[in-house]
Amino acid sequence: GAVVSQHPSWVICKSGTSVKIECRSLDFQATTMFWYRQFPKQSLMLMATSNEGSKATYEQGVEKDKFLINHASLTLSTLTVTSAHPEDSSFYICSARESLSLPQHFGDGTRLSIL
Amino acid sequence: QKEVEQDPGPLSVPEGAIVSLNCTYSNSAFQYFMWYRQYSRKGPELLMYTYSSGNKEDGRFTAQVDKSSKYISLFIRDSQPSDSATYLCAMNLNTNAGKSTFGDGTTLTVKP
């Protein structure tokens, strides 16, 4: 149980385009979802926390207008990287949690490459 | 100083060895403790989840929590090459925010 599906797993696009990444909890309802960014050989960097039906809470230094997060249902959250540039290239990972007393479960990540 | 400090590694052991991975933390309010395994280019996978001090065993894995010393460990018995990965400790406060604080990870290589 506790499967989180993230799509796409890899995307390459031109500078200036917007990219949407989906995160779905397949067998549980996720009251909270998290979005992370990870650079090679570094730990996870939390970007934002989203609760279903509420606006996302962004970590300090993360641009809200750049990284749009929508958590419209208990099983789906999306991250849209708007007007992406090469410096946005990274590994983006989502996670989902059913309740406060339960652990997060992660998707398999999305490798984003901006040319 | 970071809230969670994890032994940096890297760690290299022969197949069959017992592996000990460790984290210390400074915030005594942490209530929930997790260990994740992350293979290269994949998302972290939950291995162990504990709430109280003591030991929790699952197959070859044992998680140990010592709240009085603010110290957690993950032991891997009979290590296998497939255990080669980065291991992340994580912990949560018991609040509505509830975001996890992660260690920086320890990279383990088990050599055949």
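Above this text sits the structure in question.
Each chain has its residues counted from 1, following the order in which its sequence is written. Lettering for chains starts from A, numbering for ligands starts from 1, and both go in the order in which the items are written. In keeping with the model being predicted, local features are shown solely for residues with a pLDDT of at least 70 and side-chain atom pairs are shown and tallied solely at 80 or more, while totals for entire chains, interfaces and linings include all residues. Each side-chain value is worked out from all heavy atoms of the structure, with water and hydrogens disregarded.

## Quick word on the pattern of salt bridges
Residues and elements named next belong to chain B.
Thought 1: Counted as salt bridges are all cases of a side-chain nitrogen of Lys or Arg within 4 Å of a carboxyl oxygen of Asp or Glu. Inspection of every chain in the model, using the stated rule, returns eight salt bridges over all chains.
Thought 2: Here R77 makes a salt bridge to E57, at a shortest N to O gap of 3.4 Å. Linking R77 in the loop between β8 (71-76) and β9 (85-93) with E57 in strand β6 (residues 54-58), this pair joins segments that are 20 residues apart in sequence.
Thought 3: Relative accessibility thresholds used throughout: buried, under 20% of the residue-type maximum; exposed, over 50%; partly exposed, between the two (1.4 Å probe, protein chains only). On the basis of relative accessible area, R77 is assigned to the partly exposed category, the value being 29%.
Thought 4: Two residues, D83 and R60, come together in a salt bridge whose shortest N-O distance is 2.8 Å. Of this pair, D83 sits in the loop between β8 and β9 while R60 sits in the loop between β6 and β7 (61-66), placing them 23 residues apart in sequence. To qualify as a helix, a DSSP run of H or I must reach at least 4 residues; to qualify as a strand, a run of E must reach at least 2; elements of each kind are numbered from the N terminus.

## Some thoughts on the state of the cysteines
Thought 1: In what follows, a disulfide is any cysteine sulfur pair within 2.5 Å. Counted according to the given criterion, the structure contains two disulfides over all chains.
Thought 2: Shown here is the disulfide that connects A:C23 with A:C94, its sulfur atoms set 2.0 Å apart. When the S-S torsion is 80°, as for the bridge of A:C23 with A:C94, the disulfide is right-handed. Placement of the pair is A:C23 in strand β3 (residues 19-25) and A:C94 in strand β9 (residues 90-97), with a sequence separation of 71 residues. In this pair, the class of A:C23 matches that of A:C94, namely buried.
Thought 3: Two residues share a disulfide in this structure: B:C23 and B:C89, whose sulfurs sit 2.0 Å from each other.

## Here we look at the nonpolar core
Thought 1: Residues grouped as a nonpolar core are buried Ala, Val, Leu, Ile, Met, Phe, Trp, Tyr and Cys residues, joined through side-chain atoms within 4.5 Å. In terms of nonpolar packing, the biggest core is built from 25 residues, with A:W35, A:Y58, A:F67, A:I69, A:L79, A:Y92 and A:L112 touching the most fellow members.
Thought 2: Contacts are residue-level and defined by heavy atoms, with any inter-residue pair within 4.5 Å sufficient. Once you skip the residues sitting within four places of it in the chain, A:Y58 turns out to touch A:M47, A:A48, A:E63, A:K64, A:F67, A:L68 and A:I69.
Thought 3: Formed by 24 residues, the second largest nonpolar core is a distinct cluster that contains B:F61, B:A63, B:L74 and B:Y87.

## Comments concerning the pairing of strand β4 (residues 30-38) of chain B
Residues and elements named next belong to chain B.
Thought 1: Among the nine residues of β4, eight are classified as buried, and the element is accordingly described as predominantly covered.
Thought 2: In terms of strand pairing, β4 meets β9 through eight bridges, oriented antiparallel. Residue pairing for β9: F33 is matched across the bridge by M91.
Thought 3: In this sheet, strand β5 (residues 45-50) lies alongside β4 in antiparallel orientation, the contact comprising five bridges. Whether two strands pair depends on DSSP finding at least two bridges between them.

## Considerations on the interface of chain A and chain B
Thought 1: Across the boundary between the two partners, chain A contributes 20 residues, which contact 23 residues of chain B.
Thought 2: Buried area: the sum, over both parts, of the accessible surface (1.4 Å probe) that disappears when the two are put together. Between chain A and chain B the total buried area reaches about 1600 Å² when both faces are included, carbon and sulfur atoms providing 53% of it.
Thought 3: For the pair chain A and chain B, the number of links is two salt bridges.
Thought 4: As a salt-bridge pair, A:E59 and B:K99 come within 3.0 Å of each other at their nearest N and O atoms.
Thought 5: Two N or O atoms count as a polar contact when they lie within 3.5 Å, although within protein this holds only if one can serve as hydrogen donor and the other as acceptor, and sequence-adjacent residues are included solely when both atoms are side-chain atoms. Where chain A packs against chain B, one counts seven residue pairs in polar contact (both at pLDDT 80 or more).
Thought 6: Counting only elements with at least two residues in the side of chain A that touches chain B, the list comes to β4 (32-38), β9 and β10 (105-106) of chain A.
Thought 7: Residues are grouped as follows: nonpolar covers Ala, Val, Leu, Ile, Met, Phe, Trp, Tyr, Cys and Pro; charged covers Asp, Glu, Lys and Arg; every other residue, Gly included, is treated as polar. Taken together, the residues of the side of chain A that touches chain B break down into 10 nonpolar, six polar and four charged.

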